Amino acid sequence: MAARCSRLVNGLFEYKTEKFFIARNKKVGLVFRFIQLAVIGYLIGWVFIWKKGYQEREEAIQSSVYTKLKGSAVANTTELGSRVWGAEDYVIPSQGDNVFIIITNYLETPNQRLSLCAESPIIPDGVCSHNHDCTKDEPVKAGHGVKMGRCINDTGTCEIYGWCPVEHSHTPKEPVLGKAENFSVYIRNFVRFPKFDFSKSNVLPSSNHSYLKSCYYDKVHHPFCPIFRVGDIVQWTGHSFQEMAVKGGTIAIGIEWNCDLDKDYSKCTPEYSFSRLDITKGSNISGYNFRFARYYKDEDGKPYRSLFKVYGIRFDIMVNGEAGKFSIVPTVVNIGSGVALMGVKAR
């Protein structure tokens, strides 16, 4: 037992070296050197130059987006005549955020009042041939009101109680607000990388305030201008604004921040991308629309409203990015990994 303990203690203070085998063969030596060069190339080229393995990375970007739209257009329809639309009319919500909508087309049903009228014939649950098809007080599925128990022979639909007359239903052929392509959207984006306590905005600090009043973003000539022409945004997705404005659609505006914080502060700039989201392969369903109403009261204090079915372009602003800065820890780890691959051992 004492002898075993003695060997164990002596083993703790022993130092062993590896035995080496030297092959004096040009082919073997060439392969060995080629592998070494490949590892060195991988370590320098891929790990350090391309992937910046000497940096500590952060992808938890904090972002805030503020948008403001400007522009006006005249909408002239046969039913309602001429009307001027400003940003307060065609932008929803009025205080822009990561998502905002520009109205490009609309169908208006004016002067609706709570009363009795015939359901629209395009509503399947409202079609009838006898009174028993219109169960009293039963809501019309996907319809405009509540059934009153009577089938109207002239229309072949149930009599309902609701906002009458019911909505005009037809597919628009041309955009009412076709001039909306000349509207401008100002996008201000603030980002912060908390790990490095680094903050920046896509609006460059400048004393030239007149520049922001006259510029439009252009990837080549004005890459730092935060004002975008709506028609240009649609064009950059590969689509026509006039075609898209008829039934609406959805566009993604990507803002990508990839910042090397070892470089100058001014080198951290965003890259923009634009793509249409409401078109999918193999599907004919596209567009974007919704409804809202504006309520009024007449001289007798009775309510009435105008119902709008609006078509518009929905813009989703998506901010992504990462930042990197030199740190000794990942540098040592990656160098150690490369040395291990080369089979270098202390001896």
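Residues numbered from 1 in each chain as written. Predicted model: local features only at pLDDT ≥ 70, side-chain atom pairs only at ≥ 80, totals over all residues. Heavy atoms only, no water.

Caption draft 1: Structural context of unusual backbone geometry. In this model, Cys 164 is joined to Pro 165 through a cis peptide bond whose omega is -5 degrees. Here Pro 165 is to be found in the loop between strand S8 (157–164) and strand S9 (184–193). A positive phi angle, close to 55 degrees, is found at Asn 111, a residue other than glycine. Among the structural elements, Asn 111 can be located in strand S6 (residues 99–118). Of note in the backbone geometry, Asp 137 takes a positive phi value of approximately 65 degrees without being a glycine. Positionally, Asp 137 belongs in the loop between S6 and strand S7 (145–152). (Helix = DSSP H or I, 4+ residues; strand = E, 2+ residues; numbered from the N terminus.)

Caption draft 2: Up close: the nonpolar core. Formed by 45 residues in total, the largest nonpolar core has its most connected members in Trp 257 and Phe 315. In terms of residues, this core owes the most to one element, strand S15 (residues 303–326), which gives 7 residues. Core analysis: the next-biggest nonpolar cluster, separate from the first, contains 6 residues, Cys 117, Val 140, Ile 160 and Cys 164 among them. (Core = buried A, V, L, I, M, F, W, Y, C linked by side-chain atoms within 4.5 Å. Buried < 20%, exposed > 50% of the residue type's maximum accessible area, 1.4 Å probe, protein only.)

Caption draft 3: Inspection of helix H2 (residues 26–50) at higher detail. By the burial criterion, the buried members of H2 are Gln 36, Val 39, Leu 43, Val 47 and Phe 48. Of the residues trailing H2, Lys 52 is marked for its positive phi of about 50 degrees.

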